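Given next are the chains, with one letter for each unit.
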Amino acid sequence: MRCGRALMDSRWATPLLLISMMLGLLGCSSAAERADRASRTAQSWTATARRTSKALAAGAVPRVYAVQMLEAALQTKSQLEQRPEWRSVAPEIRSHLADAARELASSIHEGSDSMLEP
Amino acid sequence: MSKLVQIALGVFTSIGGFLEVGAIATTAQAGAAYGFQLIWAVLLGTICVTFLVEMSGRLAAVSRHTIKDALRERFGPRIYMITLVSDVIINLMVLAAEIGGMSLALQLVTGISFRWWAIPVGLLTWLVLWKGSFGLIEKGVSLLGMVALVFLVAAFRLKPSLAEIGQGVLPSLPTDRPLHYWFIAVGILGAAISPYLFYFYSSGAIEDDWDESHIGVNRAVAVIGMGFGGLLATSVLIVAAMLFHPLGIEPDRFEQVALLLSEPLGRLGFYLFAATLFICCLGAALELALATSYSFAQGLGWNWGENVRPRNASRFTLVYTVMIAAVSIMMVSGINPLELTLLSMALTALVLPLVTFPFLILMNDPDYVGDQGNGWISNTAVIAISVLGSLLALVAIPLQLMGG
């Protein structure tokens, strides 16, 4: 109760409001930042899918793991595609993700890319 | 048991207990995003937790009090309740992350979603607590945690540059995405300085009937054990820095982290990663559940002890039973374990002063520690690192959450 009264006190209200506004301004990411984040995520999953294909070919990971990674890569790709900032990501980055997922699918299914079909 | 054997056992259990889901997640993220640049955060966290673990053992050995017991006696119920509430909130989140970590380890090798594993894994954790003795939990599970040494082997096999590691030891400002940098740094501190570790350690010292003759053993265990634990966490960071950073892989799922060991160690490395994740998370989950039960029982005057039969410590047993059931159900809902882990580690850093400051007062009170009180180095180090972690968390958590 005492804490509640302190918060309601006008001496505290102004600094608290200012701090919240400052945090809000700093925290709300701009469109460029969102696009940068989407781009990084796509590149990260492209590299992950390629690394997994390589590891699968070398026998360093089991097939069951590669399937999980493919599903995760496809899920990430589909989530990214639903975001408005995805359109501002460089086309080659977008296509690299799709290519890497396709390569991984073919490594798993020996050439079949059935998992990529809608 | 000879002192040397006690030290060896204590060191092994500390090494096994240091690395858990939080340490693996935060250091892997750090290495992947910033290369060697955040090694300093692991070092700071290790220094602080070494002091705190040593203090908690010393308090138990000299005063025959656990931290919670002494807190309640020295500061009264109000301060005790504040620390209890913060412990319960944080421990619930971290326990959920550990149950998630074990479930994910099983998902990696079976392909069955971690959501299906949450309940069986929760049951296993509960069963070990119900049936097992303190010795089994402290030594058995923690000794199994030595499998985590595989990260050290992987780091050596990758032949990292000592000069780059040396640069990472010195704190530096981020050149890229400062908010993310500080959020990860805070997470590393939170993962290393987990309060449940020293609550568990002080309760263990009482369960093992320590007295003043154990002060030397305690110091050796804290310094060597935590030091090696920090080395293991640094190894995870180094492996991620060498394998993920150059490729731009920044894990947003735990499944990606499994690739860390398959490159240097092949398929065996993959299975060892899954084993390490499972065993380390099991050890941490057991310690967390017990530490929370200890916190309730020691402050509220209930009968307690992992060596006491459950029927003779029913309220103590009820606390961990309810906790494990609640978080297992929570993980069935499909929360991303990695996101939960990172957030819970950052929140741990946020509440550090709440935990460490009253503890420091106890450690400087001659009524409790006699002439074995803290020196200025340990007081200064713990205050400085706790305040730094908390302030960084205060700024980084809301910004990271709002910025997505």
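What you see is a predicted model; the values in this text were computed from it and never measured.

Attention shifts here to the overall build of chain B. A count of helices and strands for chain B gives 19 helices and 0 strands. Whereas a compact globule of 404 residues would reach a radius of gyration of roughly 22 Å, chain B reaches 20 Å, a difference of no more than 12%. Taken along the three principal axes of its C-alpha coordinates, chain B extends 55 × 45 × 45 Å. Considering chain B as a whole, with its 404 residues, one finds that 57% of them fall into the buried category. Long-range contacts, defined as pairs at least 24 residues apart, comprise 87% of the intrachain contacts of chain B with a sequence gap of at least 6.

Let us now look at the overall build of chain A. Helix and strand counts for chain A come out as 5 helices and 0 strands. If you list the helices and strands of chain A from N to C, you get α-α-α-α-α. Within chain A, the proportion of its 118 residues that are buried is 27%. Counting only contacts in chain A whose residues sit at least 6 apart along the sequence, the fraction spanning at least 24 positions is 74%.

All right, on to the interface of chain B and chain A then. Taken together, the contact between chain B and chain A spans 23 residues of the former and 24 residues of the latter. Counting residues per element, the ones that place at least two in the side of chain B that touches chain A are helix 5 (77–110), helix 13 (254–257), helix 14 (259–300) and helix 19 (376–402) of chain B. Counting residues per element, the side of chain B that touches chain A draws most heavily on helix 14 of chain B, at 6 residues. Class assignment for the residues of the side of chain B that touches chain A results in 9 nonpolar, 8 polar and 6 charged.

Here chain B averages 88 in pLDDT, and 97% of its residues register 70 or above. Overall fold confidence (pTM) sits at 0.87, and the ipTM for the predicted complex is 0.86.

Looking now at helix 2 (residues 21–34) of chain B. In an α-helix, one full turn covers 3.6 residues, which means residues spaced three or four apart are oriented alike. Residues and elements named next belong to chain B. With 14 residues, helix 2 extends 20 Å from end C-alpha to end C-alpha; this agrees with the ideal 20 Å at 1.5 Å per step. In terms of burial, helix 2 is a largely internal element, 14 of the 14 residues being buried. Directly after helix 2, the chain includes Gly 35, whose backbone phi takes a positive value near 60°.

Procedures and definitions
- Residues numbered from 1 in each chain as written.
- Chains lettered and ligands numbered in written order.
- Predicted model: local features only at pLDDT ≥ 70, side-chain atom pairs only at ≥ 80, totals over all residues.
- Helix = DSSP H or I, 4+ residues; strand = E, 2+ residues; numbered from the N terminus.
- Rg over C-alpha atoms; globule rule 2.2 N^0.38 Å.
- Buried ≥ 20, exposed ≤ 12 C-beta atoms within 10 Å, placed from the backbone.
- Contact = placed C-beta atoms within 7 Å.
- Nonpolar A, V, L, I, M, F, W, Y, C, P; charged D, E, K, R; others polar.
- pLDDT = per-residue confidence, 0-100.
- Expected span 1.5 Å × (residues − 1).

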